[in-house]
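A look at the structure
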Amino acid sequence: MAAPGYGKQSAPEQLPRSATDFAHLPAREAYLASLIDHLPDGAAMDVKTLAVLQPHYGQMACRTALTRLSTAGHLRRVRERLSSTDCRWVFHTYFSRTPRSDAWWNHFLATGGTNDSGDASTPADPDPPDERTPVRNHTPLPSAAYAALAGLGLADPRLALSAADCTTLEPLAAEWFARGTTPALFTIALTNGLPPDIHSPAAFTRRRLIDKLPPERPRPPQTTRIPECTACRTPCRPHTLLGGLCRTCHGTPAPPPPRPGALPPAAVHRHAARIRDTLRSHGTPALPTR
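Since the structure is predicted, the reported quantities are computational estimates derived from the model, not experimental observations. (Residues numbered from 1 in each chain as written. Predicted model: local features only at pLDDT ≥ 70, side-chain atom pairs only at ≥ 80, totals over all residues. Heavy atoms only, no water.)

**Concerning the packing of helix α6 (residues 163-178) against helix α8 (residues 201-211)**
To keep things clear, this is the line we draw: A fitted line through C-alpha atoms represents every axis, and for helices the fit uses only the stretch in contact; the resulting angles, taken between N-to-C directions, go from 0 to 180 degrees. Counting from the N terminus, the helices are DSSP H or I runs at least four residues long and the strands are E runs at least two residues long. For classification, angles of less than 35 degrees are called roughly parallel, those exceeding 145 degrees roughly antiparallel, those between 65 and 115 degrees roughly perpendicular, and all remaining angles oblique. Left-handed describes a crossing whose near helix is turned anticlockwise from the far helix by less than a right angle; the clockwise case is right-handed. Any pair of residues with heavy atoms lying within 4.5 Å of one another is described as a contacting pair. Residues were grouped as follows: Ala, Val, Leu, Ile, Met, Phe, Trp, Tyr, Cys and Pro as nonpolar; Asp, Glu, Lys and Arg as charged; and all remaining residues, including Gly, as polar.
Running from amino to carboxyl end, α6 crosses α8 at an angle of 15 degrees, the nearest separation of the two axes being 10 Å. Here α8 runs roughly parallel to α6, going by the angle between their axes. In terms of crossing hand, the pair formed by α6 and α8 is left-handed. Contacts from D165, L169, L172, A173 and W176 in α6 reach A202, T205, R206, R208, L209 and I210 in α8. Partitioning the contact of α6 with α8 into residue classes produces 7 nonpolar, 1 polar and 3 charged.

Structure, rendered in structure tokens:
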């Protein structure tokens, strides 16, 4: 097993940094959250390291602050298996300056925050209501596929396409990008070896988009992730963590385990009622009820 370092991993789709990112937190937690936010990915952020990185708080204070940052939705600790064939495990602390709900973290840890094409995606589960909403431009930006098609005419005038041509060919070009093609490779593949005269740039581009379609890229191997309690580091199932804490650390008592062979309460009551009815039918005083 790899030595536990709880290296930082940034959660996807965070809002840009602002002066009010951690204004909702107490002073100590806000200070340490800002420090963690500026650490590079892979940097150690265990309590010993955090205590050394700054002069204000010791290990116990850092441990408490990390627990509170977890319940506030800013971080989750997980252990991940390196691969399906490698039995070694590594430890990460996923950090988000944007506070996230338990539902968001559970979805991200279960899926890695990726869709089928490997790109980051946003789950349908809402985040906390106090999360800041970025200002959006009402004019939608063109997709990467549309922009690449529109740029072909700049790379070679023989493939100058109209706006209508780009809209029509956009689904075919989008499949290229879904298979991992970059804009530079797309332009090279479409403009390399052009004939001297092209009478219909749209028809010619459509033919090349179909004939030169790159192969599908292999799917990334599935990663085994086991969330653990931020406070006591006990591995837990995602749905049992409340704010990243297990029931014991969160203060929720666990239900007592059923005794072997014990009947449920409803069955006990029915059995007692049958005994009382039997005793009454034989003239024996019934057992008192509680």
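**Quick word on the side chain of E228**
Worth spelling out the cut-off: Buried means the residue's accessible area, taken with a 1.4 Å probe over protein chains only, is under 20% of the maximum for its type, while exposed means over 50%, and partly exposed covers the values in between. Within 3.5 Å is the distance limit for a polar contact, defined as a pair of N or O atoms, with the added protein rule that one can donate a hydrogen and the other accept it, and that residues adjacent in sequence qualify only through two side-chain atoms.
You can see E228 is positioned in strand β4 (residues 225-228). E228 sits in the buried class, given a relative accessible area of 1%. Within the structure, the side chain of E228 is placed 2.9 Å from the side chain of R79, a separation counted as a polar contact.

**Digging into the nonpolar core**
Condition: Buried residues of nine kinds, namely Ala, Val, Leu, Ile, Met, Phe, Trp, Tyr and Cys, make up a nonpolar core once their side-chain atoms join them within 4.5 Å.
Of all hydrophobic cores here, the largest spans 18 residues; its most connected members are I36, L66 and L69. Elements represented by at least two residues in this core include exactly α1 (27-37), α2 (47-53) and α3 (59-71). Ignoring any residue separated from it by four or fewer positions in sequence, one finds L69 in contact with L25, E29, A33, I36, H74 and L75. Of all hydrophobic cores here, the second largest spans 17 residues; its members include L149, C166, A173 and L194.

**Considerations on helix α7 (residues 183-191)**
What counts, and what does not: Working note: the arc is built from the helix axis to C-beta atom directions.
For α7, every residue scored as buried is listed here: F186, L190 and T191. For α7, the angular spread of buried residues about the axis comes to 105 degrees, placing them on one side. Exposed positions of α7 whose direction lies more than 90 degrees from the buried face are A184 and I188. Buried residues along α7 sit in contact with α5 (144-155), α6 and α8. Positive backbone phi, at 65 degrees, marks G193, one or two positions downstream of α7.

**Points about the confidence of the model for the chain**
Basically, it comes down to this: Looking at any residue, its pLDDT shows the predictor's confidence there, from 0 to 100.
Mean pLDDT over the chain: 80, with 79% of residues reaching 70 or higher. Note that pLDDT drops below 50 for residues 114-136; the model gives that stretch 39 contacts with residues more than four away or on any other chain.

**Overview of the environment of A51**
Along the chain, A51 turns up in helix α2. When the C-alpha atoms of A51 and A61 are compared, they prove to be 8.5 Å apart, with 10 residues separating the residues in sequence.

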